[in-house]
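Spelled out, the chains give:
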Amino acid sequence: AGCLGASDLRDAVKRDVSWFERAASAAESAERFVLKVVRPRPEERYVRCVPLVPLQAAAGGFGSPQFIEEGQWDWVELDIPRRLKPGMFVAQVVGSSMEPQILNGAYCLFEGPVTGTRQGKVVLVKLRDVADPETGQRYTVKRYQSEKATSEDGTWRHVKITLKPNNPVFEPIVLTSEDEASVTVVAELIQVLG
C-alpha cells in the first residue's frame, strides 16, 4: 500500500542508475573546487573576499568580525552572485552526516551571528560538554530544531534542542533544557561552495 519492499527498491536501483551519476558528478565537482587565497586591501574585505576559518576556531570570538587581526586567517576570493558582508566566512565541513546537501570536505559559506529564529536552519554549532559522535569534534554542522515551553509570565525556555543530520545513517544530537547552555549557535549556512 504505497511502500516499497527491498526487492522493489533493488529493482528500481537496477533500472535507474542516474542517482549514481549525480553522486559521481557532485563528488567530481567537489574535487575540482579550489579556493583562491588572496591578500585583500582593507576596502576589499567582505566585498570580494571573506576569511577562511578552520572550524576549530570558528566560534572562538569570530562572532565579531571587526576584531579579525591582520594575518589571523587567510582570505579567499568568492565569485558568487551573493553580496558579501561582515560576519561571513568560509569553512570546510568534515564528515558525511549532512550528505547529500553538504559532501564530506565541502567548503561552505557561513554567516554569523544567527539572527531571528534558528528553527529548521542548517547551522554551525559549538558544543561545550559533548562532542559530535561522527567526528569527535566540538563543532558540528546540523539542522537546528527546538521545542519550547512558555511559562505563565510569557517567557519561554527550550525543552529540547535537536541537531539533526541530513544523512539518515547518523543519529541526531539531542540536548535537554539542562544542556542548553552547552550549545552555542555560531553561524548559519548560507551556501555550499564546493
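Before reading on, note that the structure itself is shown above.
Attention in this report is confined to the structure presented alongside it.

So, how was this worked out
Residues numbered from 1 in each chain as written. Predicted model: local features only at pLDDT ≥ 70, side-chain atom pairs only at ≥ 80, totals over all residues. Heavy atoms only, no water. Helix = DSSP H or I, 4+ residues; strand = E, 2+ residues; numbered from the N terminus. Buried < 20%, exposed > 50% of the residue type's maximum accessible area, 1.4 Å probe, protein only. Contact = heavy atoms within 4.5 Å. Areas by Shrake-Rupley, 256 points an atom, 1.4 Å probe, with all protein chains shown as cover. Phe/Tyr/Trp six-rings, centres within 6.5 Å; stacked < 30°, edge-to-face > 60°. Polar contact = N/O pair within 3.5 Å; in protein donor to acceptor, adjacent residues only side chain to side chain. Core = buried A, V, L, I, M, F, W, Y, C linked by side-chain atoms within 4.5 Å.

## Some thoughts on the overall build of the protein chain
Line of reasoning, step 1. When its secondary structure is counted, the protein chain shows three helices and ten strands.
Line of reasoning, step 2. The buried share of the protein chain, taken over its 194 residues, is 34%.
Line of reasoning, step 3. A fraction of 56% describes how many contacts in the protein chain between residues 6 or more apart in sequence connect residues 24 or more apart.
Line of reasoning, step 4. If you sum the accessible surface of the protein chain, you get close to 11,800 Å²; carbon and sulfur atoms cover 50% of it.

## A few points about the packing of aromatic side chains
Line of reasoning, step 1. In this structure the tally under the stated criterion is two aromatic pairs.
Line of reasoning, step 2. Ring geometry for Y46 against W75: centres 5.2 Å apart, planes inclined by 75°, an arrangement best described as edge-to-face. On the criterion of sequence distance, the pair formed by Y46 in the loop between β1 (36–38) and β2 (49–52) and W75 in strand β3 (residues 74–77) is long-range, its members being 29 residues apart. An identical accessibility class is assigned to Y46 and W75; each is buried.

## Structural notes on the side chain of D132
Line of reasoning, step 1. Within the secondary structure, D132 sits in the loop between β6 (122–127) and β7 (139–150).
Line of reasoning, step 2. There is a polar contact of 2.8 Å between the side chain of D132 and the side chain of K142.
Line of reasoning, step 3. Setting aside chain neighbours within four positions, we find D132 in contact with L127, Q137, T140, K142 and I173.

## As for the nonpolar core
Line of reasoning, step 1. Within the largest apolar cluster, 18 residues are counted, with the highest numbers of intra-cluster contacts made by F89, I102, F110, L124 and V141.
Line of reasoning, step 2. Every element with two or more residues in this core is listed here: β4 (88–92), β5 (107–111), β6, β7 and β10 (183–192).
Line of reasoning, step 3. Among the elements that line this core, the one with the most residues is β10, at three residues.

## Describing unusual backbone geometry
Line of reasoning, step 1. Between E99 and P100 the backbone carries a cis peptide bond, its omega angle lying at 10°.
Line of reasoning, step 2. Mapped onto the elements, P100 comes out in the loop between β4 and β5.
Line of reasoning, step 3. The amide bond that connects G112 to the next residue, P113, takes the cis arrangement and shows omega of -5°.
Line of reasoning, step 4. Checked against the element boundaries, P113 lands in the loop between β5 and β6.
Line of reasoning, step 5. Although it is not a glycine, Y46 adopts a positive phi angle of roughly 65°.
Line of reasoning, step 6. The class of Y46 is buried, set by a relative accessible area of 11%.

## Description of the environment of R143
Line of reasoning, step 1. Tracing the backbone shows R143 in strand β7.
Line of reasoning, step 2. When its relative accessible area of 26% is taken as the criterion, R143 is described as partly exposed.
Line of reasoning, step 3. In this structure the C-alpha to C-alpha distance between R143 and M98, which are 45 residues apart in sequence, comes to 8.7 Å.
Line of reasoning, step 4. Excluding residues that lie within four positions of it along the chain, R143 makes contacts with M98, Q101, G120, K121, V122, T162, L163, K164 and N166.

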